[in-house]
Amino acid sequence: MIRLIDINKTYSLRPVLKDINLDLGVGEIFVLFGHNGAGKTTLLKIVSGIMSPTRGRVEGLEKEPICNRIFYLGHNNGLYSELTVLENVRFFQRLFSGGNGDNTIIKKNLSEFGLWQRRNDRVRSLSQGMKRRLALMKTLICDSGFIVLDEPFTGLDLRWKDTIVEKILSLRQRGTTVLITTHLVEEGLRLADRVGFLEEGKLTLIRKRTEIDELQIREMLKGEVCS
Amino acid sequence: MRFAANIFLVVKKDLLLELRGKEALSIMIFLSLLLLVVFNLAVDINRDNVSELVSGILWVIFAFSGILGMGKTSLSERDDDAYLNVVFSSVSMESFFFAKVLSNLLFLMIMELFTIVFFVVLFDYERLFSALPGLSIPLLLGSFGFSVVGTLFSFLSTGSRFGEIILPLLFLPLVVPVLIGGVSSTDIILNGSAGDTPGKWLKILLVFDMLYLSISLILFRYLVEE
């Protein structure tokens, strides 16, 4: 279990996160909604260990080493634009597994994400959606027990959104805990075991998926916009 | 064994990126040529005074050209947050830092070789070629010091809004001992000096290299955190 205890974050005296408390169970998919500037990305970075909270702590993920136990995909894709798709994947696989990447597995994964035909193209020549698919592919194939995704559907068309939803849902079977932020209510609710709503740095709502419907989330998102 | 394999993996990737992008090396070599031309115009360098000026000119060029290249190799990691792959992998921050130092060292040494060739051609000073085996030790030790400090601060500065201004401001004062050691040992090797050997300066370079490396290995982990 991953436990967030009294997480507070302040940027230049401006509080961004206020007393966040949250437990994430093994194999749970938790989807976090919220307006722009509500503090979702900051919270995800703190949970991932790449940013320190001003106060509070994250339990269940001892910081040393965080390697191979957690993976964070932020707004950026974490790709080397001058390397080809295949070179990026191989580099990533070697970082995580140590050995040479299995070509059959690489081919299977790239095909599933619609990138096999573009394997020898440099990443900078790919569309935004393709780059995002590649980033999601490397995130979802690593064996981390905890995956943190910040707006994973950015740039994806309808077909690929569905595929990525299926891929994320399949993580539940291997016991991977997933924390996601998204503005896409439909996709978010398809994924969620539980839903949270972050408003001006405060976690104002935590509900099981079955206890909330799409309309309620949409109403909350249409509500008062953060200043 | 895993430590060495991880270092090799990152260095190989950096070389591939450099071969494709040609950003770090080309900009370093171009600046070194440009600085040599500026020195040639600003200082009256002739056969009589070239041996007195060579070590100072070379090390100033190495320092300034080096900063540019090191900024570029860190940028490739910061760009698109690619370094986060390493943070979340099983590769230790120490091996990642060491790999980046070695990549920068390699690029620095290549730039230095080009600079030496340019210098010989521009100023007709062939003594540099014949002294190259002896010069290789201060060049290696000095470049290693540059590379360690440069790698650390280029990672810090590329994450900052004023990165390109901050990097030389942090880098240059800190590498003064390396510059002094490099200039002095190069001068002794090229011109000789009664009763003086480069050994003392090489020891100073070695001590500072180890000092920089120890401190940087500790600090690097904190730089990666936002």
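Residues numbered from 1 in each chain as written. Chains lettered and ligands numbered in written order. Predicted model: local features only at pLDDT ≥ 70, side-chain atom pairs only at ≥ 80, totals over all residues. Heavy atoms only, no water.

Some words on the sheet that holds strand β5 (residues 70–73) of chain A
Residue and element names in this part refer to chain A.
Right, so step 1: Strand order across the open sheet formed by 6 strands is β5-β6-β7-β3-β8-β9, with mixed pairing between neighbours. For this open sheet the edge positions go to β5 and β9 (202–208), each flanked by a neighbour on one side alone. Direction aside, the axes of adjacent strands within the sheet are offset by 15 degrees on average.
Right, so step 2: In terms of strand pairing, strand β8 (residues 194–199) meets β9 through 6 bridges, oriented antiparallel. Its bridge partner lying in β9, R194 is registered against K208. (Pairing = 2+ DSSP bridges. Helix = DSSP H or I, 4+ residues; strand = E, 2+ residues; numbered from the N terminus. Axes fitted to C-alpha atoms, helices over the stretch in contact; angles between N-to-C directions.)

Re the interface of chain A and chain B
Right, so step 1: Listed by partner, the interface residues are 32 residues for chain A and 26 residues for chain B.
Right, so step 2: Here chain A and chain B share an interface that buries about 2600 Å² over both sides, 57% of which is from carbon and sulfur atoms.
Right, so step 3: Among the residues chain A hides against chain B, the three largest losses belong to I50, Y80 and L95 of chain A. Together they make up 26% of the total.
Right, so step 4: Remark: the boundary between chain A and chain B carries 1 salt bridge.
Right, so step 5: When the shortest N-O distance is used, the salt bridge between R20 of chain B and E87 of chain A registers 2.7 Å.
Right, so step 6: Scanning the region where chain A abuts chain B turns up 11 residue pairs in polar contact (both at pLDDT 80 or more). (Contact = heavy atoms within 4.5 Å. Buried area = accessible area lost by both parts, 1.4 Å probe. Salt bridge = Lys/Arg side-chain N within 4 Å of Asp/Glu carboxyl O. Polar contact = N/O pair within 3.5 Å; in protein donor to acceptor, adjacent residues only side chain to side chain.)

Things to note about empty space enclosed by the protein
Right, so step 1: The tally for this structure, following the rule as stated, stands at 2 cavities of 30 Å³ or more.
Right, so step 2: Approximately 70 Å³ is the volume found for the largest cavity.
Right, so step 3: Considering the residues around the largest cavity, the lining is formed by F71, Y72, L73, G74, N76, N77, G78 and K138 of chain A together with D80, D81, L84 and N85 of chain B.
Right, so step 4: Every element with two or more residues in the lining of the largest cavity is listed here: β5 of chain A together with α4 (83–87) of chain B.
Right, so step 5: The class makeup of the residues in the lining of the largest cavity is 4 nonpolar, 5 polar and 3 charged.
Right, so step 6: Approximately 30 Å³ is the volume found for the second largest cavity.
Right, so step 7: Lining the second largest cavity are G78, L79, Y80, N88, F91, F92, L95 and K138 of chain A together with N85 of chain B.
Right, so step 8: By residue number, the principal contributor to the lining of the second largest cavity is helix α2 (residues 85–97) of chain A, which donates 4 residues.
Right, so step 9: A per-class count over the lining of the second largest cavity returns 5 nonpolar, 3 polar and 1 charged. (1 Å grid on protein atoms, 1.4 Å probe; cavity = no way out; pocket = protein on both sides within 12 Å on 5 of 7 lines; lining within 4 Å. Points joined across faces, edges and corners; volume = space filled by probe spheres on them. Nonpolar A, V, L, I, M, F, W, Y, C, P; charged D, E, K, R; others polar.)

Focus: the nonpolar core
Right, so step 1: Residues F146 of chain A together with F96, F119, L128 and F146 of chain B are the most contacted members of the largest nonpolar core, which totals 101 residues.
Right, so step 2: For this core, the element with the highest residue contribution is helix α5 (residues 93–123) of chain B, accounting for 13 residues.
Right, so step 3: Each of domain 1 (1–69 + 144–226) and domain 2 (81–142) of chain A accounts for three or more of the residues forming this core.
Right, so step 4: With residues near it in sequence (within four places) discarded, F146 of chain B still touches W59, F62, A63, M70, L108, F171, V175, V178 and L179 of chain B.
Right, so step 5: I29, L110, L115 and M137 of chain A belong to the second largest nonpolar core, which has 40 residues in total. (Core = buried A, V, L, I, M, F, W, Y, C linked by side-chain atoms within 4.5 Å. Buried < 20%, exposed > 50% of the residue type's maximum accessible area, 1.4 Å probe, protein only. Domains from an automatic or database assignment.)

A short note on the packing of helix α4 (residues 128–141) of chain A against helix α5 (residues 158–171) of chain A
To describe two helices that pack against each other, one gives the angle between their axes and the distance between the axes.
Residue and element names in this part refer to chain A.
Right, so step 1: For the pair α4 and α5, the least separation of the axes is 11 Å and the interaxial angle reads 10 degrees. Put simply, α4 runs roughly parallel to α5. Two secondary-structure elements touch here, α4 through R133, L136 and L140 and α5 through W160, I164, K167, I168 and L171.
Right, so step 2: Considered class by class, the residues forming the contact of α4 with α5 number 6 nonpolar, no polar and 2 charged. (Parallel < 35°, antiparallel > 145°, perpendicular 65-115°, else oblique.)

Comments concerning the environment of N85 of chain B
Right, so step 1: Topologically, N85 of chain B is positioned in helix α4.
Right, so step 2: Judged by its relative accessible area of 5%, N85 of chain B is buried.

What to know about a nonpolar patch on the surface
Residue and element names in this part refer to chain B.
Right, so step 1: On the surface, L33, V37, L41 and L122 cluster together into a nonpolar patch covering about 340 Å² of accessible area.
Right, so step 2: Of all the elements, helix α2 (residues 24–42) adds the most residues to the nonpolar patch, at 3 residues.
Right, so step 3: Within the secondary structure, V37 sits in helix α2. (Patch = residues over 30% accessible without salt bridge, like charges linked within 9 Å, V, L, I, M, F, W, Y side chains within 5 Å. Areas by Shrake-Rupley, 256 points an atom, 1.4 Å probe, with all protein chains shown as cover.)

Let's talk about the confidence of the model for chain B
Right, so step 1: Averaged over all residues, the pLDDT of chain B equals 90, while 98% of them reach at least 70.
Right, so step 2: Highest mean pLDDT in chain B belongs to α5 of chain B (94); lowest belongs to helix α8 (residues 163–174) of chain B (84). (pLDDT = per-residue confidence, 0-100.)

Quick notes on the packing of helix α7 (residues 132–158) of chain B against helix α9 (residues 176–191) of chain B
Residues and elements named next belong to chain B.
Right, so step 1: Between α7 and α9, the shortest axis-to-axis distance is 10 Å and the interhelical angle comes to 175 degrees. Taken together, the axes of α7 and α9 are roughly antiparallel relative to one another. Every residue of α9 that contacts α7 at G134, L135, P138, G142, G145 and F146 is listed here: V178, L179, S185, T186, I189 and L190.
Right, so step 2: Classifying every residue of the contact of α7 with α9 by side-chain character gives 7 nonpolar, 5 polar and no charged.

What about the domain arrangement of chain A?
Residues and elements named next belong to chain A.
Right, so step 1: Entries for chain A in the domain assignment read domain 1 (1–69 + 144–226) and domain 2 (81–142).
Right, so step 2: With 17 residues of domain 1 at the interface, the matching set in domain 2 holds 11 residues.
Right, so step 3: Taken together, both faces of the contact between domain 1 and domain 2 bury some 1300 Å²; the carbon and sulfur share is 63%.
Right, so step 4: Linking domain 1 with domain 2 are 1 salt bridge, by the criterion used here.
Right, so step 5: At the surface where domain 1 touches domain 2, the tally comes to 5 residue pairs in polar contact (both at pLDDT 80 or more).
Right, so step 6: Looking at the side of domain 1 that touches domain 2, the elements that each hand over two or more residues are β6 (146–150) and α5.
Right, so step 7: For the side of domain 1 that touches domain 2, the leading source of residues is α5, giving 6 residues.

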